[in-house]
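Summary of the model geometry
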Amino acid sequence: MAKHNIILFLLLCFNVVFAQNDTITVAVDQESVLHERSMDGDLSKKYTGEDFNYDVKTGESQNLLARFIKWLLEGIGNAVGIDISPETLLILEYLIYGLMGLLVIFILIRVFVNEKFNAIFTKKAKPLADINLSEQHIESVDLDSLMDTALKNKDYRLAVRYQFLKILKQLSQKEIIEWHFEKTNSDYEKEIGEVKLQTEFQKASYLYEYIWYGEQYIDEMGYTKTASRFAMLNSLIR
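Owing to the predicted nature of the structure, the values given are computational and were not obtained by experimental measurement.

In this section: the packing of helix H5 (residues 143–152) against helix H6 (residues 156–173). Running from N to C, H5 and H6 cross one another at 165 degrees; their axes reach a closest spacing of 8 Å. With respect to H6, the axis of H5 lies roughly antiparallel. Here H5 runs over H6; the crossing is left-handed. Across the interface between the two elements, Leu 143, Asp 144, Leu 146, Met 147, Ala 150 and Leu 151 from H5 touch Tyr 156, Leu 158, Ala 159, Tyr 162, Gln 163, Leu 165, Lys 166 and Lys 169 from H6. Taken together, the residues that form the contact of H5 with H6 break down as 10 nonpolar, 1 polar and 3 charged.

Spelled out as structure tokens, the structure:
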């Protein structure tokens, strides 16, 4: 046991000696003097220009539309000899986004109020001699004379309107419907009891709404086809 303890003591002594020999001494520099570095207070004036503007996205960080708008605006600026700054480009880009958003809202509103999409980009046709049905009863209106005038002026869309009003006038005279200027075509359709007449009226009213309220352009050939549909309905009423 004592022999074993002596061996352990000798090994411990060797470790201490070798550990002291492997120690590296680091010299301490006590002569250097630390100086506090001062920063320029107004760095924004010193570092100016496009290279130091980190708010404007360029290159791959922009989406395809933003890059197209930037390319277009820069091309216009170069064509007229104006150097457009990145801040101005950003403002113009947001302005274009706003206008595009307003256009989308405008289209959605027109679609939701049952307007035809292609009527958005067409000029509104003004009736040549339209009538105010809220001021007079439909049976007192000379629709044949108004229709002849519209045809002479080649206003076939207005002639279609008079054709359909003539249908309502005849239905009212036959006491098939009770006419009122605030009623809709769906209201009149429900008042028609005869099935075939109701079906033909539904087709004619759809055609009328498509042309008149949808502001569809119609030529003489188109009017002839439409008039034949109304003639078929007139024969059923008689």
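Having seen it, we continue.
With respect to the helices and strands, Thr 226 occurs in helix H9 (residues 220–237). By relative accessible area, Thr 226 is classed as buried at 5%. Beyond its immediate stretch of four places on either side in the chain, Thr 226 contacts Val 160, Leu 207, Ile 211 and Ile 218.

Attention now goes to helix H8 (residues 195–212). Taking 1.5 Å of rise per residue, the 18 residues of H8 would be expected to cover 26 Å, and the 25 Å separating its terminal C-alpha atoms lies within 8% of that figure. Those residues of H8 not exposed but buried are Leu 197, Glu 200, Phe 201, Ala 204, Ser 205, Tyr 208, Ile 211 and Trp 212. Take H8 and look down its axis: the buried residues cluster within an arc of 140 degrees, on one side only. Facing away from the buried side of H8, by more than 90 degrees, are the exposed residues Val 195 and Tyr 206. Buried residues along H8 sit against H6, helix H7 (185–191) and H9.

As a further point, take the pattern of salt bridges. Under the criterion given, the structure shown has 4 salt bridges. Here Asp 144 ties to Lys 166 by a salt bridge, and the two come within 2.8 Å at their closest N and O atoms. Of this pair, Asp 144 sits in helix H5 while Lys 166 sits in helix H6, and the two are 22 residues apart along the sequence. Taking the relative accessible area as the measure of exposure, Lys 166 reaches 22% and is therefore partly exposed. Among the charged side chains, a salt-bridge network with shared partners connects Glu 200, Lys 203 and Arg 229.

In this model, H9 (18 residues) spans 25 Å end to end at C-alpha, consistent with the 26 Å of a helix rising 1.5 Å per residue. Inspection of H9 places Tyr 223, Thr 226, Ala 227, Phe 230, Leu 233, Asn 234 and Ile 237 among the buried residues, and these make up the whole buried set. Take H9 and look down its axis: the buried residues cluster within an arc of 115 degrees, on one side only. Facing away from the buried side of H9 by more than 90 degrees, the exposed set consists of Met 221, Thr 224 and Lys 225.

On the surface, a cluster of nonpolar side chains totalling about 630 Å² of accessible area is made up of Phe 68, Trp 71, Leu 72, Ile 76, Val 80 and Ile 82. Summarising the element assignment, Phe 68 is placed in helix H3 (residues 64–80).

Moving on to unusual backbone geometry. Positive phi outside glycine occurs at Glu 175, with the angle close to 60 degrees. A positive phi angle, close to 55 degrees, is found at Glu 215, a residue other than glycine. Structurally, Glu 215 is set in the loop between H8 and H9.

Conventions used here
Residues numbered from 1 in each chain as written. Predicted model: local features only at pLDDT ≥ 70, side-chain atom pairs only at ≥ 80, totals over all residues. Heavy atoms only, no water. Axes fitted to C-alpha atoms, helices over the stretch in contact; angles between N-to-C directions. Helix = DSSP H or I, 4+ residues; strand = E, 2+ residues; numbered from the N terminus. Parallel < 35°, antiparallel > 145°, perpendicular 65-115°, else oblique. Left-handed = near helix turned anticlockwise from the far one by under 90°. Contact = heavy atoms within 4.5 Å. Nonpolar A, V, L, I, M, F, W, Y, C, P; charged D, E, K, R; others polar. Buried < 20%, exposed > 50% of the residue type's maximum accessible area, 1.4 Å probe, protein only. Expected span 1.5 Å × (residues − 1). Arc of directions from axis to C-beta. Salt bridge = Lys/Arg side-chain N within 4 Å of Asp/Glu carboxyl O. Patch = residues over 30% accessible without salt bridge, like charges linked within 9 Å, V, L, I, M, F, W, Y side chains within 5 Å. Areas by Shrake-Rupley, 256 points an atom, 1.4 Å probe, with all protein chains shown as cover.

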